[in-house]
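What the coordinates show
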Amino acid sequence: MLFSCFLQSCSELDKTKKDNINGFYADDGAYEIINYDGRSDVIKVDGAKTSWAVVMYSLAKYKGKMITIELTAEVKREGSAGNLLWQINDGQNYPLITSLNNAVAGVWHQMKGRIVITPSGNDFFVYLTNWENNAENTTYYVYNPTVNIIEGNPLIPDLSLLPLKSVYENHFLMGNIIDTTYLSGKYFDLLKHHFNIVTPGNNLKPDFLAPSTKGDAYQWTTAEEMVNKMISNNIAVHGHVLVWHEQTPSWMTVGTRTEVETTMKNYIAEVLTHFQGRVNSWDVVNEAIKDGLSSSDIASGWKNCVRTSANPWYDALGADYIELAFRAAREADPNINLYYNDYGLENTNKAEAVRIMIKDINDRYKNETSGTRNLIDGVGSQAHVNISLNINNVRESLNKLFSLGIEVSITELDVSTINNYDPGSGRDSVISEANENAQAKVYAELFKLYIENASQITRVTFWGMDDGNSWLSVGNPCLFDWRLTAKRAFFAVSNPDNFLP
Ligand code: XIL
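What counts as what
Residues numbered from 1 in each chain as written. Predicted model: local features only at pLDDT ≥ 70, side-chain atom pairs only at ≥ 80, totals over all residues. Heavy atoms only, no water. Salt bridge = Lys/Arg side-chain N within 4 Å of Asp/Glu carboxyl O. Helix = DSSP H or I, 4+ residues; strand = E, 2+ residues; numbered from the N terminus. Buried < 20%, exposed > 50% of the residue type's maximum accessible area, 1.4 Å probe, protein only. Core = buried A, V, L, I, M, F, W, Y, C linked by side-chain atoms within 4.5 Å. Contact = heavy atoms within 4.5 Å. Domains from an automatic or database assignment. Buried area = accessible area lost by both parts, 1.4 Å probe. Polar contact = N/O pair within 3.5 Å; in protein donor to acceptor, adjacent residues only side chain to side chain. Nonpolar A, V, L, I, M, F, W, Y, C, P; charged D, E, K, R; others polar.

**Things to note about the pattern of salt bridges**
Applying the stated rule across the entire model yields 21 salt bridges. For E352, the salt bridge identified is with R355, shortest N-O distance 2.9 Å. Of this pair, E352 and R355 both sit in helix α9 (residues 348–369), separated by three residues, roughly a single helical turn. R355 carries the same exposure label as E352, and that label is buried. K359 is the partner of D363 in a salt bridge, and the nearest nitrogen-oxygen pair spans 2.7 Å. Of this pair, D363 and K359 both sit in helix α9, separated by four residues, roughly a single helical turn.

**Looking at the nonpolar core**
Ranked by size, the top nonpolar core spans 108 residues in total, and within it Y340, L413 and F447 carry the most contacts. Beyond its immediate stretch of four places on either side in the chain, F447 contacts Y168, F172, M174, L413, V460, F462, V493 and P496. The next biggest cluster of nonpolar side chains, apart from the first, holds 32 residues, and it includes I21, I43, A103 and V147.

**Structural notes on the domain arrangement of the chain**
Here the domain parsing of the chain yields domain 1 (10–151) and domain 2 (167–237 + 287–305 + 337–499). Spacing between the C-alpha centres of domain 1 and domain 2 amounts to 41 Å. Contact with domain 1, which involves nine residues of that partner, is made by seven residues of domain 2. Of all residues in domain 1, K112, R114 and I150 bury the most surface against domain 2, accounting for 73% of the area lost on that side. In this structure, the connection of domain 1 to domain 2 is made through zero residue pairs in polar contact (both at pLDDT 80 or more). Breaking the side of domain 1 that touches domain 2 down by element, the ones donating at least two residues are β5 (67–77), β7 (96–103) and β8 (109–117). The residue makeup of the side of domain 1 that touches domain 2, split by class, is four nonpolar, two polar and three charged.

Here it is, written out as structure tokens:
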């Protein structure tokens, strides 16, 4: 246990400081308040004289109450680089508020974090430490540390807002993703209020369902709980995903061509049969087309556009893995709507490659079966976009997909305020007003386009409800902030015209 060494020293702390800054104090004799580096009231702490915490902030008066701690501070250390961790002393798990690993010495570090907690012990406090060597024999400076406490449940969804599923009931289904956080409490209340379909964000992926070792048992428990909870609340479930180059146990793609083909077929049959009648549409294949395609790549045929690098399904089965997966899914359950799903279709070349692939597979299938049913029933455009989005490209790409005459859905929509896929920790960034406006405008442009084409769009699913839990939390891409308060983005989706010239 990483922090157990701290247990004995807790009682040695003296928390009866006469001086403190914003409620922060340090071990008696270890600190002084000085003017330093052009800043006044800097807490200077001699690490050699403290036990393990550099500075502390008592939470004793909140005992038994749910609180949210929002912390900010500037910290500088002397000596060499070292970790800076803000944690909670709860005598047990020492939860982390925020940390900087190997923070450079001699410079100020702006630190910020947030945590929701219910203090239970008597000796509860926020503290700064470098856990490796207790507080370490060096000098620390802490400037303007602040703790903002929000008492009670910080989640304040406004359930009087018109549900998105009602706004769009005549247009398309409104979806969002779920993980276990969303199965209860205010998260579930908000989910149920606005959305009529969900996609489990992780829990139906092969690395969650398939045994991690070949031959072991499948892991249904969490997925079962999720799917059943949704269905009993009249929320439909879309399945994501059967065949993908990521989040898949490695045994599934190891072996001869025939062995891997059998593994794929068995996996698909196992999963579709298990959820039969409860999950009516599935992403059968995800992200099989590569990026950066030129028109000559496309002219050379879709098989030359298939993702080859870091794609174990391709390594084992070649470009045929896509069609094989769809055929296995059709065979396992002909009643399920089978989707091909991909990102970056705002790039018109990538959308074109997807179009020719689906057209070829579907045309051959209909020919072979002398029927009208396609093999690929739907195409999903993920739509992980950002505030520099060019809406004309989206329009052009969607038109390509509409021309296939199959279902088209927007499957993973989020609009980041930064131009990369930075996950962050969900507690480290604040959206500026300019970015919040720019983001609302992009959401408005997208929904105006979706409304214009509503007859050809089946479902619009967002990839995350609140910025705090988003997989791209640094870019704050969602409709609700971490407290579940509706952002401008939400109002832009509710009424795009109000946000467009
Ligand atoms: C993401 C999940 O949201 C994360 O929690 C996980 O760590 C990585 O995968 N395209 C997809 C989704 O099809 O499965 C990905 O989901 C996001 C990109």
